[in-house]
Amino acid sequence: MLRFQVFLENKVKVAPLTQTYKLMMKRPTPLFKDENTIKLPKPEKNTSDALKMELDEVIDAMVLSPEQDEENKKIDKEYINMMKDIVKEEGASKTVLDFVDEIKRQVDTNTIKMKYQYNRARPDAIAKFHGKKLTAKVDVDTPGYPSNHTITGYVIGGILSEMFPNVTEKLNKIAERNAASRVELGVHFPSDVEAGEIYAKELLKRLNRDELPEVTTQEEEMKPRKKYKYSDLPAHVYGKEAY
């Protein structure tokens with residue numbers, strides 16, 4: 001029976017681990033402390049009845065109007081820029097905006113490790129295994145559990161909310177819509193998204209705030225810095241010329 005189960009599992013196509021992702025796993029992630037201690041609920045096996053039931057949820061969720069599909073595809077590609085635009089309106093500096101990209105880089109590194117640890121297939125592969133048809137509405141090339149988009153959205157939203165609390169509600173709305181869209185686009189099971197929410201909360205608990213940039217506005221960052229003259233330097237304690 002065990003060999004038959006292994007045979008079934010091997011029939012489900014899961015994205016292979018590429019050299020690019022192997023290298024990505026080795027990148028440093030100083031923004032988070034002890035993230036390797038995070039534990040997620042063990043996902044159902046690719047061939048389980050429980051995952052087959054989730055597949056039906058995904059198929060149902062994908063029935064949307066063309067307008068809703070386009071909105072989801074926009075969020076898929078633009079959710080980070082949408083969050084940047086919100087804090088830009090609050091005067092966020094280029095340093096802060098560039099830091100958002102670094103958050104994503106470090107979240108990606110951690111998430112890729114988890115994805116290949118659990119190695120869960122995407123809905124289209126599970127559908128094919130069960131003789132059903134499902135065509136994802138966007139391209140993906142990694143295992144599904146947990147959802148990286150979900151994690152990234154909630155972590156970036158959480159960190160920016162600390163920096164700009166006045167726009168917390170707007171950031172949360174984008175993070176939530178981004179997470180929900182993953183199922184509607186046919187690239188994640190609901191449990192992938194739920195695991196992403198858990199993982200994001202755990203990463204935020206382990207946030208190393210010493211790594212956060214100073215919150216400055218565009219105006220403050222563009223102010224000319226004072227140019228010190230040699231005569232401005234402090235003299236030596238013994239009265240000799242400073243050097």
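Residues numbered from 1 in each chain as written. Predicted model: local features only at pLDDT ≥ 70, side-chain atom pairs only at ≥ 80, totals over all residues. Heavy atoms only, no water.

Moving on: the overall build of the chain. Check the secondary structure of the chain and you find 10 helices and zero strands. Its helices and strands taken in sequence order, the chain reads α-α-α-α-α-α-α-α-α-α from the N to the C terminus. Going through the 243 residues of the chain one by one, you find that 46% of them count as buried. Put simply, 88% of the contacts in the chain that link residues at least 6 apart link residues at least 24 apart. When the accessible area of the chain is evaluated, it comes to approximately 14,500 Å², of which 52% is carbon and sulfur surface. (Helix = DSSP H or I, 4+ residues; strand = E, 2+ residues; numbered from the N terminus. Buried < 20%, exposed > 50% of the residue type's maximum accessible area, 1.4 Å probe, protein only. Contact = heavy atoms within 4.5 Å. Areas by Shrake-Rupley, 256 points an atom, 1.4 Å probe, with all protein chains shown as cover.)

Turning to its location among the elements, Pro16 is positioned in the loop between α1 (2-11) and α2 (19-24). With relative accessibility at 57%, the residue Pro16 sits in the exposed group. For the pair Pro16 and Asn119, spaced 103 residues apart in sequence, the C-alpha to C-alpha distance is 9.2 Å.

So, on to unusual backbone geometry. Residues other than glycine predominantly adopt negative phi, and peptide bonds predominantly adopt the trans conformation. A cis geometry characterises the amide bond from Tyr145 onward to Pro146, with omega recorded as 0°. Inspection of the secondary structure assignment puts Pro146 in the loop between α6 (123-129) and α7 (148-163). The phi dihedral of Asp34 is positive, around 55°, even though this residue is not glycine. Look at Asp34 and you get exposed, because its relative accessible area is 57%. Even without glycine at this site, Asn119 takes up a positive phi of about 55°. In this structure, Asn119 sits in the loop between α5 (94-118) and α6. The exposure class of Asn119 is partly exposed, given its relative accessible area of 33%.

For Arg177, the location among the structural elements is in helix α8 (residues 168-184). Put simply, Arg177 and Asn72 are 105 residues apart on the chain and 8.4 Å apart in space, counted from C-alpha to C-alpha. If near-sequence neighbours (up to four positions away) are discounted, Arg177 is found in contact with Asn72, Ile75 and Glu184. A distance of 3.0 Å separates polar atoms of two side chains, one belonging to Arg177 and the other to Asn72. (Polar contact = N/O pair within 3.5 Å; in protein donor to acceptor, adjacent residues only side chain to side chain.)

What follows deals with the pattern of salt bridges. Considering all chains together, one arrives at 14 salt bridges under this definition. Here Asp56 and Lys132 are joined by a salt bridge, their closest N and O atoms 2.7 Å apart. Placement of Asp56 in helix α3 (residues 49-61) and of Lys132 in the loop between α6 and α7 is noted, with a sequence separation of 76 residues between them. Note on Asp56: relative accessible area 32%, which makes it partly exposed. Here the salt bridges share partners, and the residues they tie into one network are Glu202, Lys205 and Arg206. (Salt bridge = Lys/Arg side-chain N within 4 Å of Asp/Glu carboxyl O.)

With that settled, consider the packing of helix α4 (residues 66-88) against α7. For the pair α4 and α7, the least separation of the axes is 11 Å and the interaxial angle reads 5°. When the interaxial angle is binned, α4 and α7 end up roughly parallel. Residues Asp76, Tyr79, Ile80, Met83 and Val87 of α4 form the contact with α7, whose own contacting residues are His149, Thr152, Gly153, Ile156, Gly157 and Leu160. For the contact of α4 with α7, the per-class residue count stands at six nonpolar, four polar and one charged. (Axes fitted to C-alpha atoms, helices over the stretch in contact; angles between N-to-C directions. Parallel < 35°, antiparallel > 145°, perpendicular 65-115°, else oblique. Nonpolar A, V, L, I, M, F, W, Y, C, P; charged D, E, K, R; others polar.)

Let's shift gears to the packing of aromatic side chains. Considering all chains together, one arrives at two aromatic pairs under this definition. Note on Tyr21 and Tyr116: the rings are 6.2 Å apart at their centroids and 40° apart in plane angle, and the pair reads as tilted. Of the two residues, Tyr21 is situated in helix α2 and Tyr116 in helix α5; the sequence distance between them amounts to 95 residues. In this pair, the class of Tyr21 matches that of Tyr116, namely buried. Aromatic pair Tyr118 and Tyr145: ring centres 5.1 Å apart, planes at 80°, arrangement edge-to-face. Residue Tyr118 is located in helix α5, and its partner Tyr145 is located in the loop between α6 and α7; the two are separated by 27 residues in the primary sequence. (Phe/Tyr/Trp six-rings, centres within 6.5 Å; stacked < 30°, edge-to-face > 60°.)

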